[in-house]
Structures are given as structure tokens and as C-alpha cells.
Amino acid sequence: MLFIPNCYIRPYLRAVLYGIAAATAALLLTAVLAAALRLPALRLGILDRRRQRPLPLLGGFAVVAVTCLVAGTGEWSRVAPLGDGVGELLAAAAAVAGLGLVADVWRLRARVLVAGTFVAAVWVVPYDETGLPGGVLAVGWIVLASLAFKGLDHADGLAGTVGVVTAFGVGACAAAEVMDGLAVLLSVVAAALTGFLMHNWHPARVGLGACGSLFTGFLLSSAVVFTRAGYELGPSVAVVFCLSAVAVADALLVVLARGLARRPLLRRGPDHLAHRLRRFGLTPQGSVVLLGAASFSSVLVGVLVHVGWTGDGAALWVAGGVVVAVVALVLLRGSAQQPRPTESTQVSGSLRVRNG
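The structure contained in this document is the topic of the report that follows. (Residues numbered from 1 in each chain as written. Predicted model: local features only at pLDDT ≥ 70, side-chain atom pairs only at ≥ 80, totals over all residues. Heavy atoms only, no water.)

1. Things to note about the environment of Ala174
Moving on, step 1. Structurally, the position occupied by Ala174 is in helix H6 (residues 158-176).
Moving on, step 2. With residues up to four places along the chain from it excluded, the contact list for Ala174 reads Met179, Leu182, Ala183, Leu186 and Thr227. (Helix = DSSP H or I, 4+ residues; strand = E, 2+ residues; numbered from the N terminus. Contact = heavy atoms within 4.5 Å.)

2. Thoughts on the nonpolar core
Moving on, step 1. Of all hydrophobic cores here, the largest spans 91 residues; its most connected members are Leu152, Leu158, Leu182, Leu185, Phe218 and Leu243.
Moving on, step 2. The element that contributes the greatest number of residues to this core is helix H8 (residues 209-228), accounting for 11 residues.
Moving on, step 3. If near-sequence neighbours (up to four positions away) are discounted, Leu152 is found in contact with Leu158, Ala159, Val162, Val246, Ala247 and Asp250.
Moving on, step 4. Listed in part, the 10 residues of the second largest apolar core include Ala22, Val66, Val70 and Val188. (Core = buried A, V, L, I, M, F, W, Y, C linked by side-chain atoms within 4.5 Å. Buried < 20%, exposed > 50% of the residue type's maximum accessible area, 1.4 Å probe, protein only.)

3. Observations concerning unusual backbone geometry
Moving on, step 1. Residues His202 and Pro203 are joined by a peptide bond in cis, for which omega reads -5 degrees.
Moving on, step 2. Look at Val178: it is not a glycine, yet its phi comes out positive at around 60 degrees.
Moving on, step 3. Along the chain, Val178 turns up in the loop between H6 and helix H7 (180-197).
Moving on, step 4. Residue classification places Val178 among the exposed residues on the basis of a relative accessible area of 64%.
Moving on, step 5. Even without a glycine there, the phi angle at Arg262 is positive, about 55 degrees.
Moving on, step 6. Mapped onto the elements, Arg262 comes out in the loop between helix H10 (245-260) and helix H11 (273-279).
Moving on, step 7. Given a relative accessible area of 79%, Arg262 falls into the exposed group.

4. Overview of helix H5 (residues 127-151)
Moving on, step 1. Taking 1.5 Å per residue as the helical rise, H5 with its 25 residues ought to reach 36 Å, whereas the 28 Å between its terminal C-alpha atoms falls clearly short.
Moving on, step 2. In H5, a bend of some 85 degrees at Pro133 exceeds every other bend along the element.
Moving on, step 3. Within the span of H5, buried status applies to Gly135, Ala138, Val139, Ile142, Val143, Ala145, Ser146, Ala148, Phe149 and Gly151.
Moving on, step 4. For H5, the elements touching its buried residues are helix H4 (110-124), H6, H8 and H10. (Expected span 1.5 Å × (residues − 1). Bend = angle between axes of the 7 residues up to and from the residue.)

5. Digging into the pattern of salt bridges
In a structure, side chains of opposite charge can pair up when their charged atoms sit close to one another.
Moving on, step 1. Summed over the entire model, instances satisfying the criterion amount to 4 salt bridges.
Moving on, step 2. Note that Asp271 and Arg258 form a salt bridge whose closest N and O atoms lie 2.8 Å from each other. Of this pair, Asp271 sits in the loop between H10 and H11 while Arg258 sits in helix H10; the two residues are 13 residues apart in sequence, bridging distant segments of the chain.
Moving on, step 3. In this structure Asp271 comes out as buried when scored by relative accessible area, which is 1%.
Moving on, step 4. On the basis of relative accessible area, Arg258 is assigned to the buried category, the value being 5%.
Moving on, step 5. A network of salt bridges, in which partner residues are shared, links Arg258, Arg263, Asp271 and Arg276. (Salt bridge = Lys/Arg side-chain N within 4 Å of Asp/Glu carboxyl O.)

6. Section: helix H12 (residues 284-307)
Structurally, the α-helix is built with 3.6 residues per turn, so residues lying three or four positions apart point the same way.
Moving on, step 1. In a regular helix each residue adds 1.5 Å, so 24 residues correspond to 34 Å; H12 covers 35 Å between its end C-alpha atoms and thus fits that length.
Moving on, step 2. Within two residues after H12, Gly308 carries a phi angle of roughly 85 degrees, on the positive side.

7. Concerning a nonpolar patch on the surface
Moving on, step 1. Nonpolar side chains collect at one region of the surface, where Phe118, Val119, Val122, Tyr127, Leu132 and Val136 lie side by side and expose about 560 Å² of accessible area between them.
Moving on, step 2. When contributions to the nonpolar patch are tallied by element, the ones reaching two or more residues are H4 and H5. (Patch = residues over 30% accessible without salt bridge, like charges linked within 9 Å, V, L, I, M, F, W, Y side chains within 5 Å. Areas by Shrake-Rupley, 256 points an atom, 1.4 Å probe, with all protein chains shown as cover.)

8. Quick word on the state of the cysteines
Moving on, step 1. Scanning all chains against the criterion turns up 0 disulfides.
Moving on, step 2. Of the cysteine sulfurs around Cys68, a residue in no disulfide, the closest is that of Cys211, at 9.5 Å. (Disulfide = S-S within 2.5 Å.)

9. Side note on the packing of helix H9 (residues 233-243) against H12
Moving on, step 1. Remark: H9 packs on H12, axes separated minimally by 7 Å, with the N-to-C direction vectors making an angle of 155 degrees. Between H9 and H12, the crossing angle belongs to the class labelled roughly antiparallel. In this structure, the crossing between H9 and H12 has a hand that is left-handed. Mapping the contact onto sequence places Val239, Cys242 and Leu243 in H9 and Ser298, Val299, Val301, Gly302, Val303, Val305 and His306 in H12. (Axes fitted to C-alpha atoms, helices over the stretch in contact; angles between N-to-C directions. Parallel < 35°, antiparallel > 145°, perpendicular 65-115°, else oblique. Left-handed = near helix turned anticlockwise from the far one by under 90°.)

10. Brief notes about the packing of H10 against helix H13 (residues 314-331)
Helices that pack against each other are described as a pair by the angle of their axes relative to one another and the distance between those axes.
Moving on, step 1. Between H10 and H13, whose axes approach to 10 Å, the crossing angle comes to 35 degrees. Crossing of H10 against H13: the hand is right-handed. In this structure, H10 uses Ala245, Ala249, Leu252, Leu253, Leu256 and Leu260 to contact H13, whose residues at the interface are Val318, Val322, Val326, Leu329 and Val330.
Moving on, step 2. In terms of residue class, the contact of H10 with H13 is built from 11 nonpolar, no polar and no charged. (Nonpolar A, V, L, I, M, F, W, Y, C, P; charged D, E, K, R; others polar.)

Below, the structure is given as C-alpha cells:
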């Protein structure tokens, strides 16, 4: 009979119990705080005015605040210490979230968000394990992934759904690397996003905003870099891509669609994944479920590649699926069903003008 000393069992059980308690607390606190912040956001005018009706944007602040509170409590009490570099990662993600909050309240140029995210990424990358060339690539990836995830906040429930699925996947990779603190942090993020989704499912009552979307994208992409630090570049690229395939596909679709239409890249418009799927007759909920399922499939492949249960070639299937989906949505745009003007989520009623 295998004997395991109590000195190993007790810390493990304590970490597991704290992880369950932390995730439960994060879910409930985020749901309550997001609901409580809705009215102040309406009164202060912190709104997404691209929708038919203004959408309060302090849901992302609720996710950030609760995640930092719960994770900080575990670090302070030493019940679930975050580990080397993870505390700095959370602090950098919170700083990026603060920049996003400023963008939600006052308009900021895109270059300011890019510069702030770049500085935070430079700070958190573990260069000792990645090396300088790998570190440079990691910084570029974190910036691009963070901005791509921000682009997912174009449909009710989409960014939260993809964020929950990705957080669980990256958390599984961290657990496989025995990074317990990072795994607990990612479970808290997943729980906080789940609590936020209680108010963000269509029709949304509160939005994630740049604050929450940049925080989530930065934290998840940086966590992937942490878990893959020290591995070979090729397999790492495969894992990183699979864990972010939906966000990459959305960003690629926007770039191609606006480039072919000769429209400015930064000008907002209904060019994202959920917008295109809506033109094919899917409901808002149906498009989110479909993209969530796609995210689950690609994340599962990334986790299997990371733990070595399948080869790197499996990522090629994910890449092929992304290419086929993006090309199909670009080419079939003309034959797709066009949405009625009254259903536009991009232009508010006050901005429409009458003909004649």
C-alpha cells in the first residue's frame, strides 16, 4: 500500500479547498458587484454607445477588482501564494486594466493602449527562461493577443465565454507544470468571468469594456507565456495559437474585411465574427454558443499538445479551420442575409438620420 506523508497531503488539500472557495467567492462577488455598478455607470455616462441602447461598461472593473481581491487574499494569507513572477503578472494586468478603464471613461487613441500594453508585457516576460529572442516574440504576442481579445467584446457574452474557456485551458496547462499559484489565479479569473456573464448574456445589462477585455486578454496571454517558458519555440507556437484561435480568427477577419473594402483599420464596423454569423441567420445567443464551442475545441487541442498527449501537427488542423472559416466569411458576405437596420448594434438611435 502506498504511503503518503501527511506533510504532503495537508498542503495539497488546503490548496484544493482554497481554490474551490476562491472560485466560488469570485463568482458570487463579481455577480453582485457588476449588478451594483450598473446604475453608477449609467449615471456617470460610462457607456458603450455603439448599441441600440447604451450599455454600462463597469462589468470589466468588477472582474478586475474581484480577481485582484481574491488572489491578493490568498497571497497575503499564504494559503495559496501566487509564486515567482505571478504577482508581478497580476499587477501588470491590473495596470493595463486601469488604462482600459480610462479608455472607457474618456476616449484614448489606440496607440496609447498599444504602448501601455507593450510596457506591461516587457515587464512580465521571464527572459531568463525564454531568452532574448523568445522574449521579444513573447512581448509581441502578448500585445497582439490582448488587443485581439479586446476585439471580441463586440457581441453580448462572447468575450466572457471565450475568456472562461481559455482560462480553464491555460489553468490546466499551468497545473500540468505544477504552477499551483498560477492555476488558482486562472480559476479565479474563470469564476469572475462566469459571474460577469450572468449580466452579459443577450440582452446584456452590463458590458466588459476595454478595462475587462484588456485585463483578461493580457492575463491569459501572459500566463500562456509563463507555462511555455523553457520549451522549444515550435511546439510553443502551436500551443499558444490553439489557446487563442478564436481571437486570432476574429482579428484576421477584421483586417481582411476592412482591407478588401479599403476602409480604415481602426474605424469600427460590423466586421467581426459574430456580426458575420448574424448575417447568416444565427441568433445572438446562437453565434456565441457556436464560437464558444469553437474556442473549446481549439483550447482542448492546445492543452493536449502541451501535456504531450498529441503531436504538434494537431495544431495544423486548428490553423486550417481558422483559415477556412475566415476566407468563407469574407467571400460569402455578399450572399449572406443582411440584417435589418433596426437591429444594428453599431449605431445608436440618436445617430440615425431620416431620409427625405
